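# Notes for the structure review
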Amino acid sequence: MNNYINELVINCLSRGKVNAVKQDYIKAKTGLNKRDIRYIVQELRHQGYPICSTTYDGYWLADCEEDLEHCISQLTAQAITLHDTIAALTDTKIKLFGE
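Residues numbered from 1 in each chain as written. Predicted model: local features only at pLDDT ≥ 70, side-chain atom pairs only at ≥ 80, totals over all residues. Heavy atoms only, no water.

Looking only at helices and strands, the protein features 4 helices and 2 strands. Walking the protein from its N terminus toward its C terminus, one meets helices and strands in the order α-α-α-β-β-α. Against the 2.2 N^0.38 benchmark of 13 Å for 99 residues, the protein shows a C-alpha radius of gyration of 17 Å, more extended than a compact globule. In terms of its C-alpha atoms, the protein occupies a principal-axis envelope of roughly 50 × 30 × 25 Å. Counting only residues that meet the buried cut, the protein has 28% of its 99 residues in that class. Within the protein, residue pairs in contact and separated by at least 24 positions form 50% of the contacts whose partners lie at least 6 positions apart. Surface accessibility of the protein: about 7,000 Å² in total, with carbon and sulfur atoms responsible for 54%. Of note, the protein has its 11 positive side-chain charges centred 9 Å away from the centre of its 13 negative side-chain charges. (Helix = DSSP H or I, 4+ residues; strand = E, 2+ residues; numbered from the N terminus. Rg over C-alpha atoms; globule rule 2.2 N^0.38 Å. Buried < 20%, exposed > 50% of the residue type's maximum accessible area, 1.4 Å probe, protein only. Contact = heavy atoms within 4.5 Å. Areas by Shrake-Rupley, 256 points an atom, 1.4 Å probe, with all protein chains shown as cover. Lys, Arg positive; Asp, Glu negative; His and termini not counted. Charge placed at Lys NZ, Arg CZ, Asp CG, Glu CD.)

This is the structure in structure tokens:
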């Protein structure tokens, strides 16, 4: 995505969990679809923006270390669950169809 679009998303975010915004808010303000918003948030995180999120609260810019720690913890749990699901499906595939 280009810098202009990234700035549109950043401008929707405020510091602190109490100021979190839902994806629908960002969509309404930017015209982006939800998939693009997730991609841009990922890209911005890779650029060093401290963007936190939860399914229930939405997106916000971390204003303390605890925000980032909590976000990292949630993402780690999701990654572990995804890894476990991949392993289970791989085992099922081998049982059903062989290696």
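More follows now that the structure is in view.
Turning our attention to the nonpolar core. Val9, Leu13, Ile26, Ile51 and Tyr59 are the most contacted members of the largest nonpolar core, which totals 15 residues. Every element with two or more residues in this core is listed here: α1 (3-10), α3 (34-46) and β2 (58-61). Counting residues per element, this core draws most heavily on α3, at 4 residues. Aside from chain neighbours lying at most four places away, what touches leucine 13 is Val21, Ile26, Ile51, Tyr59, Trp60 and Leu61. (Core = buried A, V, L, I, M, F, W, Y, C linked by side-chain atoms within 4.5 Å.)

Turning to the packing of α1 against α3, a few remarks are in order. For the pair α1 and α3, the least separation of the axes is 10 Å and the interaxial angle reads 95 degrees. As the angle between them shows, α1 and α3 are arranged roughly perpendicular. Facing α1, whose interface residues are Ile5, Asn6, Val9 and Ile10, α3 presents Ile40, Val41, Glu43 and Leu44. (Axes fitted to C-alpha atoms, helices over the stretch in contact; angles between N-to-C directions. Parallel < 35°, antiparallel > 145°, perpendicular 65-115°, else oblique.)

So, on to the pairing of β2. Inspection of the sheet shows strand β1 (residues 51-54) paired to β2 by 4 bridges, in the antiparallel sense. Residue threonine 54 lies in a different strand from β2, and its bridge partner there is glycine 58. The antiparallel pairing of β1 with β2 creates a hairpin that spans 3 residues between the two strands. (Pairing = 2+ DSSP bridges.)

Turning our eyes to something else, we now look at the pattern of salt bridges. Using the criterion set out here, one finds 2 salt bridges in the structure. Note that lysine 17 is salt-bridged to aspartate 57, the shortest N-O span being 3.3 Å. In this pair, lysine 17 sits in the loop between α1 and α2 (23-30) while aspartate 57 sits in the loop between β1 and β2, placing the two residues 40 residues apart along the sequence. You can call aspartate 57 partly exposed: its relative accessible area is 29%. (Salt bridge = Lys/Arg side-chain N within 4 Å of Asp/Glu carboxyl O.)

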